[in-house]
Amino acid sequence: EEPPGAAVLILLTSNYNALLPTIRSRCQLVRFFLTPPTVLQNQLVEKLKLTETKARQITLLSGGKVGKALELAQEEDINSESIIPDILKRPQLIKIFKIAEDLNNQPESLDILLTWLRDILLVKQGCNAEILTYPDKFSELARLASSYSRIQIQDAIRTIMETKNLLQRNINSTLALEVMVLKLIRL
(Lines give C-alpha, C1' and ligand atoms only; values in the text may rest on other atoms or scores of the structure.)
Protein backbone atom coordinates (compact mmCIF):
# COMPACT_ATOMS: atom_id res chain seq x y z
CA GLU A 1 0.00 0.00 0.00
CA GLU A 2 2.67 2.52 1.00
CA PRO A 3 6.13 1.86 -0.48
CA PRO A 4 9.21 3.14 1.35
CA GLY A 5 10.15 6.74 0.58
CA ALA A 6 13.17 5.84 -1.55
CA ALA A 7 11.24 3.43 -3.78
CA VAL A 8 10.11 4.36 -7.27
CA LEU A 9 7.68 2.01 -8.98
CA ILE A 10 7.30 2.25 -12.74
CA LEU A 11 4.18 0.83 -14.34
CA LEU A 12 4.04 0.45 -18.10
CA THR A 13 0.80 -0.05 -19.96
CA SER A 14 -0.45 0.37 -23.47
CA ASN A 15 -3.98 0.82 -22.10
CA TYR A 16 -4.18 3.37 -19.29
CA ASN A 17 -7.90 2.72 -18.75
CA ALA A 18 -7.21 -0.95 -17.97
CA LEU A 19 -5.62 0.13 -14.66
CA LEU A 20 -7.88 0.40 -11.65
CA PRO A 21 -8.81 3.98 -10.71
CA THR A 22 -7.20 3.51 -7.27
CA ILE A 23 -3.90 2.66 -8.97
CA ARG A 24 -4.18 5.51 -11.51
CA SER A 25 -4.82 8.04 -8.74
CA ARG A 26 -1.45 7.20 -7.17
CA CYS A 27 0.51 7.45 -10.39
CA GLN A 28 2.10 10.23 -12.33
CA LEU A 29 1.33 9.82 -16.02
CA VAL A 30 4.27 10.05 -18.43
CA ARG A 31 3.30 9.56 -22.06
CA PHE A 32 5.63 8.01 -24.62
CA PHE A 33 4.88 8.81 -28.21
CA LEU A 34 5.55 6.91 -31.41
CA THR A 35 8.74 7.78 -33.22
CA PRO A 36 8.15 9.97 -36.30
CA PRO A 37 8.54 7.89 -39.48
CA THR A 38 11.36 9.97 -40.95
CA VAL A 39 13.39 9.79 -37.74
CA LEU A 40 12.90 6.04 -37.41
CA GLN A 41 13.72 5.40 -41.06
CA ASN A 42 16.87 7.53 -40.90
CA GLN A 43 18.02 5.76 -37.74
CA LEU A 44 17.47 2.33 -39.30
CA VAL A 45 19.60 3.33 -42.28
CA GLU A 46 22.26 5.07 -40.19
CA LYS A 47 22.61 2.71 -37.22
CA LEU A 48 21.67 -0.68 -38.72
CA LYS A 49 22.98 0.01 -42.25
CA LEU A 50 19.70 -1.01 -43.90
CA THR A 51 18.80 -0.02 -47.43
CA GLU A 52 16.38 2.87 -47.84
CA THR A 53 13.72 0.52 -49.23
CA LYS A 54 13.97 -1.98 -46.38
CA ALA A 55 14.11 0.82 -43.77
CA ARG A 56 10.98 2.42 -45.26
CA GLN A 57 9.14 -0.91 -45.27
CA ILE A 58 10.13 -1.64 -41.66
CA THR A 59 9.13 1.88 -40.62
CA LEU A 60 5.68 1.47 -42.13
CA LEU A 61 5.18 -2.03 -40.72
CA SER A 62 6.31 -0.99 -37.23
CA GLY A 63 3.95 1.98 -37.02
CA GLY A 64 6.56 4.12 -35.27
CA LYS A 65 7.31 1.56 -32.55
CA VAL A 66 11.08 1.30 -32.14
CA GLY A 67 11.01 -2.17 -30.52
CA LYS A 68 8.86 -3.55 -33.34
CA ALA A 69 11.17 -1.95 -35.92
CA LEU A 70 14.24 -3.54 -34.34
CA GLU A 71 12.46 -6.89 -34.22
CA LEU A 72 11.55 -6.63 -37.91
CA ALA A 73 15.11 -5.56 -38.79
CA GLN A 74 16.45 -8.78 -37.23
CA GLU A 75 14.22 -10.94 -39.41
CA GLU A 76 15.92 -12.30 -42.50
CA ASP A 77 12.88 -11.91 -44.71
CA ILE A 78 10.30 -9.31 -43.77
CA ASN A 79 8.54 -10.04 -47.03
CA SER A 80 6.71 -12.90 -45.30
CA GLU A 81 4.08 -10.21 -44.68
CA SER A 82 3.88 -9.60 -48.44
CA ILE A 83 1.33 -12.37 -48.92
CA ILE A 84 -2.00 -10.72 -49.59
CA PRO A 85 -4.32 -11.43 -46.65
CA ASP A 86 -7.23 -13.74 -47.52
CA ILE A 87 -9.77 -11.22 -46.30
CA LEU A 88 -8.84 -8.86 -49.19
CA LYS A 89 -9.49 -11.56 -51.76
CA ARG A 90 -13.20 -11.61 -50.91
CA PRO A 91 -13.27 -15.08 -49.38
CA GLN A 92 -16.27 -17.36 -49.21
CA LEU A 93 -18.53 -16.90 -46.23
CA ILE A 94 -17.47 -20.27 -44.84
CA LYS A 95 -13.88 -19.04 -44.33
CA ILE A 96 -14.92 -16.23 -41.98
CA PHE A 97 -14.37 -18.22 -38.81
CA LYS A 98 -10.98 -19.50 -39.94
CA ILE A 99 -9.82 -15.96 -40.81
CA ALA A 100 -11.10 -14.63 -37.46
CA GLU A 101 -9.32 -17.47 -35.63
CA ASP A 102 -6.06 -16.72 -37.47
CA LEU A 103 -6.37 -13.02 -36.58
CA ASN A 104 -7.05 -13.94 -32.96
CA ASN A 105 -3.92 -16.10 -32.82
CA GLN A 106 -1.79 -13.39 -34.44
CA PRO A 107 -3.11 -9.96 -33.39
CA GLU A 108 -0.27 -8.20 -35.23
CA SER A 109 -1.98 -9.40 -38.43
CA LEU A 110 -4.43 -6.51 -38.00
CA ASP A 111 -1.55 -4.06 -38.40
CA ILE A 112 -0.37 -5.91 -41.49
CA LEU A 113 -3.91 -5.83 -42.87
CA LEU A 114 -3.98 -2.07 -42.27
CA THR A 115 -0.74 -1.63 -44.26
CA TRP A 116 -2.29 -3.55 -47.16
CA LEU A 117 -5.39 -1.37 -47.08
CA ARG A 118 -3.18 1.71 -46.89
CA ASP A 119 -1.33 0.57 -50.01
CA ILE A 120 -4.58 -0.21 -51.84
CA LEU A 121 -5.88 3.26 -50.98
CA LEU A 122 -2.65 4.89 -52.17
CA VAL A 123 -2.75 2.95 -55.44
CA LYS A 124 -6.40 3.97 -55.83
CA GLN A 125 -5.25 7.60 -55.43
CA GLY A 126 -2.64 7.10 -58.18
CA CYS A 127 0.56 7.20 -56.12
CA ASN A 128 3.99 5.93 -57.16
CA ALA A 129 5.05 2.42 -56.18
CA GLU A 130 8.06 3.76 -54.27
CA ILE A 131 5.99 5.02 -51.33
CA LEU A 132 4.13 1.74 -50.85
CA THR A 133 4.85 -0.75 -48.09
CA TYR A 134 4.74 -3.54 -50.66
CA PRO A 135 6.09 -1.95 -53.86
CA ASP A 136 6.84 -5.37 -55.37
CA LYS A 137 3.10 -6.16 -55.29
CA PHE A 138 2.04 -3.08 -57.25
CA SER A 139 0.16 -4.98 -59.98
CA GLU A 140 -1.79 -7.05 -57.43
CA LEU A 141 -2.53 -3.90 -55.42
CA ALA A 142 -3.79 -2.18 -58.57
CA ARG A 143 -6.07 -5.16 -59.28
CA LEU A 144 -7.43 -5.02 -55.71
CA ALA A 145 -7.80 -1.23 -55.87
CA SER A 146 -10.00 -1.55 -58.93
CA SER A 147 -12.40 -3.84 -57.06
CA TYR A 148 -12.92 -1.45 -54.10
CA SER A 149 -14.15 2.12 -53.91
CA ARG A 150 -12.31 4.69 -51.78
CA ILE A 151 -15.21 4.71 -49.35
CA GLN A 152 -15.10 0.92 -49.00
CA ILE A 153 -11.37 1.03 -48.27
CA GLN A 154 -11.81 3.82 -45.73
CA ASP A 155 -14.69 1.94 -44.09
CA ALA A 156 -12.53 -1.19 -43.89
CA ILE A 157 -9.72 0.78 -42.23
CA ARG A 158 -12.20 2.34 -39.79
CA THR A 159 -13.69 -1.09 -38.98
CA ILE A 160 -10.26 -2.55 -38.24
CA MET A 161 -9.28 0.43 -36.06
CA GLU A 162 -12.54 0.15 -34.10
CA THR A 163 -11.92 -3.58 -33.60
CA LYS A 164 -8.36 -2.91 -32.42
CA ASN A 165 -9.77 -0.48 -29.85
CA LEU A 166 -12.32 -3.06 -28.71
CA LEU A 167 -9.60 -5.70 -28.34
CA GLN A 168 -7.85 -3.49 -25.77
CA ARG A 169 -10.86 -3.83 -23.52
CA ASN A 170 -12.01 -6.91 -21.69
CA ILE A 171 -14.18 -8.35 -24.46
CA ASN A 172 -14.54 -11.65 -26.29
CA SER A 173 -11.79 -11.19 -28.89
CA THR A 174 -12.96 -14.06 -31.10
CA LEU A 175 -16.45 -12.60 -31.34
CA ALA A 176 -15.12 -9.09 -32.06
CA LEU A 177 -12.87 -10.42 -34.83
CA GLU A 178 -15.68 -12.50 -36.34
CA VAL A 179 -17.91 -9.43 -36.45
CA MET A 180 -15.06 -7.43 -38.01
CA VAL A 181 -14.47 -10.07 -40.71
CA LEU A 182 -18.20 -10.16 -41.49
CA LYS A 183 -18.24 -6.38 -41.86
CA LEU A 184 -15.16 -6.45 -44.10
CA ILE A 185 -16.65 -9.11 -46.35
CA ARG A 186 -19.85 -7.10 -46.71
CA LEU A 187 -17.81 -4.15 -47.94
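Residues numbered from 1 in each chain as written. Predicted model: local features only at pLDDT ≥ 70, side-chain atom pairs only at ≥ 80, totals over all residues. Heavy atoms only, no water.

Student: Can you break down the packing of aromatic side chains residue by residue, with the values?
Tutor: All told, the structure shown has one aromatic pair when counted by the stated rule. Here the aromatic rings of Trp116 and Tyr134 are separated by 4.2 Å at their centres, their planes lie at 10°, and the arrangement is stacked. Residue Trp116 is located in helix H6 (residues 109–124), and its partner Tyr134 is located in the loop between H6 and helix H7 (138–146); the two are separated by 18 residues in the primary sequence. Assessed through its relative accessible area of 0%, Trp116 is described here as buried. Look at Tyr134 and you get buried, because its relative accessible area is 0%. Here the guanidinium or amino end of Arg24 rests over the ring plane of Tyr16, the centre of that ring lying 5.4 Å away. (Phe/Tyr/Trp six-rings, centres within 6.5 Å; stacked < 30°, edge-to-face > 60°. Helix = DSSP H or I, 4+ residues; strand = E, 2+ residues; numbered from the N terminus. Buried < 20%, exposed > 50% of the residue type's maximum accessible area, 1.4 Å probe, protein only. Lys NZ or Arg CZ within 6 Å of the ring centre and 35° of its normal.)

Student: Which residues make up the environment of Asn17, and what are the values?
Tutor: Within the secondary structure layout, Asn17 lies in the segment before helix H1 (21–24). Between the alpha carbons of Asn17 and Gln154 there is a distance of 27 Å; along the sequence they are 137 residues apart.

Student: Residues and numbers for helix H2 (residues 37–48), please.
Tutor: Here H2 spans 16 Å end to end across 12 residues, near enough to the 16 Å set by a 1.5 Å rise per residue. Within the sequence span of H2, burial applies to Leu40, Gln41 and Leu44. Down the axis of H2, the buried set is contained in an arc of 100°. They therefore lie on one face. Opposite the buried face of H2, by more than 90 degrees, sit the exposed residues Thr38 and Lys47. Packing partners of the buried residues in H2 comprise helix H3 (52–62) and helix H4 (66–74). Backbone geometry just downstream of H2 places Lys49 in the positive-phi region, at approximately 60°. (Expected span 1.5 Å × (residues − 1). Arc of directions from axis to C-beta. Contact = heavy atoms within 4.5 Å.)

Student: Give me the pattern of salt bridges: which residues, what numbers.
Tutor: For the structure on display, the rule yields four salt bridges. Close ionic contact of Asp111 with Lys164 constitutes a salt bridge, the shortest N to O distance being 2.2 Å. Remark: Lys164 occurs in helix H8 (residues 150–167) and Asp111 occurs in helix H6; sequence separation between them is 53 residues. With a relative accessible area of 25%, Asp111 lands in the partly exposed category. You can call Lys164 partly exposed: its relative accessible area is 24%. Arg158 is the partner of Asp155 in a salt bridge, and the nearest nitrogen-oxygen pair spans 2.6 Å. Taken as a pair, Asp155 and Arg158 lie in helix H8 at a separation of three residues, close to a single helical turn. Judged by its relative accessible area of 26%, Asp155 is partly exposed. (Salt bridge = Lys/Arg side-chain N within 4 Å of Asp/Glu carboxyl O.)

Purely geometric stuff here, so don't read any function into it on its own.
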